[in-house]
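A structural walkthrough
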Amino acid sequence: MRRRLRVALFSHDSLGLGHIRRNRALAFALARDLPALTGREVSGLLIASSPEAARFDLPDGWDWVILPGVTPAPGGYVPRALASSMQGLRALRAAAISAILDQQRPELFIVDRHPFGIGGELAEAIDRVRGHGCRTVLGLREVLDTPSVIAAEWEKVGGPARVAESFDTVWIYGDPDVYDPRSTGEVPAPLASKAVTTGYLSQGRPADGGPLPVGADAASAQPVGAEAADTAEAEFGSERFLLTCLGGGSDGGSLASIAVDADPPDGHRHLIVTGPQMATEEFDRLRARAGGATTVIRHCDDIPGLVASAEAVVCMGGYNTLAELMATDTPALVVPRKGHRAEQPRRAFALSAAGAVDAHTIERLDADVLSEWFAGRVGRPTDRSHIDLTGLATVPRLAADLIADDRAEATALASEPAPTTAALPISATAPTVTDTAPSARLSIALEETSHAV
């Protein structure tokens, strides 16, 4: 094989595990398919700032780089733990990112959601990698927020035209027949013109392998961490069970409090997985309240396996949770997070309109309503074959085409006579990519929200 193809992925990671888990799924897909598509071995770095990232394994030849972290605050972000001003932390992160990419010199750089990171920390690094011919991709989940909120965010980073100048293409990780952010205005025209939808990153996602998260209570009589999958299989393998899962768990307390009081149907157990980021005190209170038919654990390495085996699932509306869910036929009730962003409600009710899930607001949910839903949905599989779930097969092909375009462009430039008065500019502008026309199937108007950008 020719020289190893180097890939870098970036996520800013201010809340939850969504960004790092999405980039990790992409890393496994690229490691699996790019060698055959390009004839080159592939390695990569995932740049993140969540301390939870390091517990997730990666393909051979790939590694994590963990930056000092941030956390949302009114009007923006603050350092998560480092004794520094936000200005100082941003400068430190920007210098680290540039140094990492200068050393790695990737040929493909994928940025998750926030085009220039926090406070513009990525802007210089993007210019530098493009200067040596790296292709740049802005990866977006299919739902961002209400159009007015997102319009303000694009303007805050210099406007959509500036973002479009910095990225060769935009990948939207969804099915436009379910929800198309180009038609809602969340992805404005300068970016929509170079955007392609990939399908949901659902089929072929890797299991969440890795050691116990820091602080897991291994001495507890209730299973936690890596033991949970084996224990759940032993405890529920011969019995039908229901599953409630809360993603990272940092904001799942309200739903967990309802779920722990719900009554599973006769002959069923109820497994609640809170997520590793739920506060220890809150987790302990839930576990103490659990009835005899309910088991509460903090973490399981194979949530997708539990989802596929469960008779019914209750979950929040995060992208990764629903992407994993849709690879199964397990009936699901989605109770989206309220506040911070309108992303989760918009996703939940779009998928509900498409017949992929049931959706319910937390304000109208209580233990009795949830018990009734369990009783009515167990044993009734949901057909999701009409949803495009092939994103993890599509992304490597898009990446290979993008890199091939770059090599063809470089060859064409090399064959042209050199200019006599000025150095030849390096072009990093990808051909316009279009696919399915924006869908008008779903018109969504939900309550505007304000949040930390």
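Our subject is the structure listed above.
What to know about the overall build of the protein
A tally of regular secondary structure across the protein gives 15 helices and 15 strands. Evaluated residue by residue, the protein yields a buried proportion of 56% over its 453 residues. Across the protein, every contact between residues at least 6 apart in sequence was considered, and the portion connecting residues at least 24 apart equals 77%. Carbon and sulfur atoms provide 52% of the accessible area of the protein, an area that totals close to 17,900 Å².

Looking at empty space enclosed by the protein
Throughout the structure, instances matching the rule amount to 3 cavities of 30 Å³ or more. There is about 710 Å³ of room inside the largest cavity. Contributing to the lining of the largest cavity are 43 residues, with Gly-16, Leu-17, Gly-18, Gly-248 and Gly-318 lying nearest its centre. Within the lining of the largest cavity, the residues separate by chemical class into 13 nonpolar, 18 polar and 12 charged.

Quick look at the side chain of Asn-320
Its location among the elements puts Asn-320 in helix H12 (residues 319-325). Take Asn-320: its relative accessible area is 3%, and that puts it in the buried class. One polar contact links Asn-320 to Arg-205, side chain to side chain, over a distance of 2.7 Å. If sequence neighbours within four positions are ignored, Asn-320 has contacts with Gly-18, Arg-21, Arg-22 and Arg-205.

Overview of a negative patch on the surface
A surface patch of like charges, here negative, comprises Asp-263, Asp-366, Asp-368 and Glu-372. Relative to the assigned elements, Asp-366 resides in the loop between strand E15 (358-359) and helix H14 (367-377). Judged by relative accessible area, Asp-366 falls into the partly exposed class, the value being 37%.

As for helix H13 (residues 343-353)
Among the 11 residues that make up H13, 8 are buried, leaving the element largely enclosed by the rest of the structure. For H13, the set of buried residues is Glu-343, Gln-344, Pro-345, Arg-346, Arg-347, Ala-348, Ala-350 and Leu-351. Buried positions along H13 lie against strand E7 (135-141), helix H4 (147-156), helix H6 (181-184), H12, strand E14 (332-334) and E15.

Details of the nonpolar core
Core analysis: the biggest nonpolar cluster contains 66 residues, and Trp-62, Trp-171 and Leu-243 have the highest contact counts within it. Aside from chain neighbours lying at most four places away, what touches Leu-243 is His-270, Leu-271, Val-273, Leu-306, Val-307, Ala-310, Ala-312, Val-313 and Val-314. Within the second largest apolar cluster, 31 residues are counted, among which are Ala-8, Leu-67, Phe-116 and Val-170.

Some remarks on the sheet that holds strand E10 (residues 240-245)
Strand order across the open sheet formed by 6 strands is E12-E11-E10-E13-E14-E15, with parallel pairing between neighbours. At either end of the open sheet lies a strand with only one pairing partner, and these are strand E12 (294-297) and E15. Bridge count between strand E13 (residues 312-315) and E14: 3 bridges; the pairing is parallel. For Val-313, the partnering residue across the bridge sits in E14 and is Ala-332.

Section: the sheet that holds strand E9 (residues 195-197)
With parallel pairing, the 7 strands of this open sheet are ordered in space as E3-E2-E1-E6-E7-E8-E9. Looking at strand neighbours, the two that pair on one side only are strand E3 (62-66) and E9, the edges of this open sheet. The sheet shows a mean angle of 20 degrees between the axes of neighbouring strands, direction not considered. Across 7 bridges, strand E1 (residues 2-10) lies against strand E2 (residues 40-48) in parallel orientation. Across the sheet, the residue bridging to Phe-10 is Ile-47, located in E2.

What about unusual backbone geometry?
Phi angles above zero are rare outside glycine, and Asp-13 is one such case at about 55 degrees. One can find Asp-13 in the loop between E1 and helix H1 (18-38). Relative accessible area serves as the criterion here: at 3%, Asp-13 is assigned to the buried category.

Here's the deal with the packing of aromatic side chains
Enumeration according to the criterion identifies 3 aromatic pairs in this entry. With 6.4 Å between their ring centres and 40 degrees between their planes, Phe-116 and Phe-167 make a pair best called tilted. Of this pair, Phe-116 sits in the loop between strand E6 (108-112) and helix H3 (123-131) while Phe-167 sits in the loop between helix H5 (160-166) and strand E8 (169-173), placing them 51 residues apart in sequence. With relative accessibility at 3%, the residue Phe-116 sits in the buried group. Here Tyr-200 and Tyr-319 contribute two aromatic rings whose centre-to-centre distance is 6.0 Å and whose plane-to-plane angle is 25 degrees, an arrangement assigned as stacked. Of this pair, Tyr-200 sits in the loop between E9 and helix H8 (227-236) while Tyr-319 sits in helix H12, and the two are 119 residues apart along the sequence. For Tyr-319, a relative accessible area of 3% puts it in the buried group.

A look at the pattern of salt bridges
Under the definition given, this model contains 27 salt bridges. The closest approach of N and O atoms between Asp-112 and Arg-22, which form a salt bridge, is 2.9 Å. Note that Asp-112 is positioned in strand E6 and Arg-22 in helix H1, a separation of 90 residues in sequence. Accessibility classification places Asp-112 together with Arg-22 in one group, the buried group. Here Arg-341 makes a salt bridge to Asp-145, at a shortest N to O gap of 3.2 Å. In this pair, Arg-341 sits in the loop between E14 and H13 while Asp-145 sits in the loop between E7 and H4, placing the two residues 196 residues apart along the sequence. Arg-341 gets classed as buried once you look at its relative accessible area, which sits at 6%. Classification of Asp-145 as buried rests on a relative accessible area of 0%. Connected via shared salt-bridge partners are Arg-113, Asp-145, Glu-153 and Arg-341.

The rules behind these values
Residues numbered from 1 in each chain as written. Predicted model: local features only at pLDDT ≥ 70, side-chain atom pairs only at ≥ 80, totals over all residues. Heavy atoms only, no water. Helix = DSSP H or I, 4+ residues; strand = E, 2+ residues; numbered from the N terminus. Buried < 20%, exposed > 50% of the residue type's maximum accessible area, 1.4 Å probe, protein only. Contact = heavy atoms within 4.5 Å. Areas by Shrake-Rupley, 256 points an atom, 1.4 Å probe, with all protein chains shown as cover. 1 Å grid on protein atoms, 1.4 Å probe; cavity = no way out; pocket = protein on both sides within 12 Å on 5 of 7 lines; lining within 4 Å. Points joined across faces, edges and corners; volume = space filled by probe spheres on them. Nonpolar A, V, L, I, M, F, W, Y, C, P; charged D, E, K, R; others polar. Polar contact = N/O pair within 3.5 Å; in protein donor to acceptor, adjacent residues only side chain to side chain. Patch = residues over 30% accessible without salt bridge, like charges linked within 9 Å, V, L, I, M, F, W, Y side chains within 5 Å. Salt bridge = Lys/Arg side-chain N within 4 Å of Asp/Glu carboxyl O. Lys, Arg positive; Asp, Glu negative; His and termini not counted. Charge placed at Lys NZ, Arg CZ, Asp CG, Glu CD. Core = buried A, V, L, I, M, F, W, Y, C linked by side-chain atoms within 4.5 Å. Pairing = 2+ DSSP bridges. Axes fitted to C-alpha atoms, helices over the stretch in contact; angles between N-to-C directions. Phe/Tyr/Trp six-rings, centres within 6.5 Å; stacked < 30°, edge-to-face > 60°.

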